[in-house]
Amino acid sequence: SLRGGSRSDLGAGPASGVTSAAGTTTLMLPNVTTSLPSGGSGVVREVRGDGKLVVTLGSIKVVVPAAEVTPLAGPAPRSEREPPRKEYSAPAAPFEIDLRGFRGDEAVTMVTAALDAAILAENPYLRIIHGMGTGVVRDRVRQVLAADRRVARFEHAPPSQGGSGVTIAEFSAR
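Note that the structure is predicted; figures quoted are calculated from it, not measured.

Conventions used here
- Residues numbered from 1 in each chain as written.
- Predicted model: local features only at pLDDT ≥ 70, side-chain atom pairs only at ≥ 80, totals over all residues.
- Heavy atoms only, no water.
- Helix = DSSP H or I, 4+ residues; strand = E, 2+ residues; numbered from the N terminus.
- Buried < 20%, exposed > 50% of the residue type's maximum accessible area, 1.4 Å probe, protein only.
- Contact = heavy atoms within 4.5 Å.
- Areas by Shrake-Rupley, 256 points an atom, 1.4 Å probe, with all protein chains shown as cover.
- Salt bridge = Lys/Arg side-chain N within 4 Å of Asp/Glu carboxyl O.
- Core = buried A, V, L, I, M, F, W, Y, C linked by side-chain atoms within 4.5 Å.
- Pairing = 2+ DSSP bridges.
- Axes fitted to C-alpha atoms, helices over the stretch in contact; angles between N-to-C directions.
- Parallel < 35°, antiparallel > 145°, perpendicular 65-115°, else oblique.
- Left-handed = near helix turned anticlockwise from the far one by under 90°.
- Nonpolar A, V, L, I, M, F, W, Y, C, P; charged D, E, K, R; others polar.

Colleague: Explain the overall build of the chain here, please?
Modeller: Scanning the chain from terminus to terminus reveals three helices and eleven strands. For the chain, the N- to C-terminal ordering of α and β elements is β-β-β-β-β-β-β-α-β-α-β-α-β-β. Going through the 174 residues of the chain one by one, you find that 33% of them count as buried. Within the chain, residue pairs in contact and separated by at least 24 positions form 50% of the contacts whose partners lie at least 6 positions apart. As displayed, the chain has an accessible area near 10600 Å², and 54% of this comes from carbon and sulfur atoms.

Following this line, the structure appears as structure tokens:
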């Protein structure tokens, strides 16, 4: 007997005949929820040629002999069969990045990425906090800004907004 719906309802994949201890044969298909001998339930993900099934229990995959499982229902609900599709949206581009505590090389990478994101988001400026320290990060930031043709101009922030510890880069109009 076919338990769990028609083959067209259950998706593609080979089927396996399962003979229970009572002697009845059941056709086992992928995406069918089953009861396991341990008492838990899982979803058949694969029917192997050696008579075993790959069953998932949440995020754990187990291989069990087909004769040890009992079908519980038709196809697993869609949420159990496929992980939910995540919709990715770009995070809001920063108007400000803080580089205090980073080394020069790390700062160059972060400034480049922040410039790209800010320009793609059509931000008019990027405020870069590098701190006053030894000036290494400030100098590297200014080298990156001077070499980037998308930057119209850059300068230190006014004293009330950080002075020489902050550089503000303004972007060219497109």
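Colleague: For this particular structure, what's the right way to read the pattern of salt bridges?
Modeller: Two side chains carrying opposite charge are able to pair once their charged atoms lie near each other. Inspection of the entire model under this criterion finds nine salt bridges. For the salt bridge of Arg48 with Asp50, the shortest nitrogen-to-oxygen distance reads 2.7 Å. In this structure Asp50 comes out as partly exposed when scored by relative accessible area, which is 47%. We note a salt bridge from Arg127 to Glu96, for which the minimum N-O separation is 2.6 Å. With Arg127 in strand S9 (residues 125-129) and Glu96 in strand S8 (residues 96-98), the pair connects residues that are 31 residues apart, well separated along the chain.

Colleague: Help me understand the nonpolar core in this model?
Modeller: Within soluble globular proteins, side chains that are nonpolar tend to cluster in buried spots. Leu99, Val111, Leu115, Ile128, Val141, Leu145 and Phe171 are the most contacted members of the largest nonpolar core, which has 17 residues in total. Breaking this core down by element, the ones donating at least two residues are helix H2 (104-120), S9, helix H3 (136-147) and strand S11 (166-171). Per-element tally for this core: the top contributor is H2, with six residues. Every residue in contact with Ile128, bar those within four places of it in the chain, is listed here: Ile97, Leu99, Val111, Val141, Leu145, Gly165, Val166 and Thr167. The next biggest cluster of nonpolar side chains, apart from the first, holds eight residues, and it includes Leu53, Val55, Ala66 and Val69.

Colleague: Would you take a moment to explain the pairing of strand S6 (residues 60-65) for this structure?
Modeller: Within a regular strand, the side chains alternate between the two sheet faces. Pairing analysis gives six bridges linking strand S5 (residues 52-57) to S6, with the strands arranged antiparallel. Paired with Val55 across the two strands is Val62, which belongs to S6. Linking two consecutive strands that pair antiparallel, namely S5 and S6, is a turn of two residues; a positive phi of about 70 degrees is found at Gly58 within it.

Colleague: Honestly, the packing of H2 against H3 in this entry has me stumped. Any pointers?
Modeller: Helix-helix packing is described using two parameters, namely the angle between the two axes and the distance between the axes. Where H2 contacts H3, the axes come no closer than 9 Å and their chain directions differ by 40 degrees. By the criterion of interaxial angle, the relationship of H2 to H3 is oblique. Note that H2 runs across H3; the crossing there is right-handed. Residues Gly104, Asp105, Ala107, Val108, Val111, Thr112 and Leu115 of H2 lie in contact with H3, whose contacting residues are Val137, Arg140, Val141, Val144 and Leu145. For the contact of H2 with H3, a count of residues per class yields eight nonpolar, two polar and two charged.

Colleague: I keep staring at the environment of Lys52 and nothing clicks. Help me out?
Modeller: By the element assignment, Lys52 lies in strand S5. Every residue in contact with Lys52, bar those within four places of it in the chain, is listed here: Glu46, Val47, Val63, Val64, Pro65 and Ala66.

Honestly, that's just the spatial picture; any functional story needs more than this.
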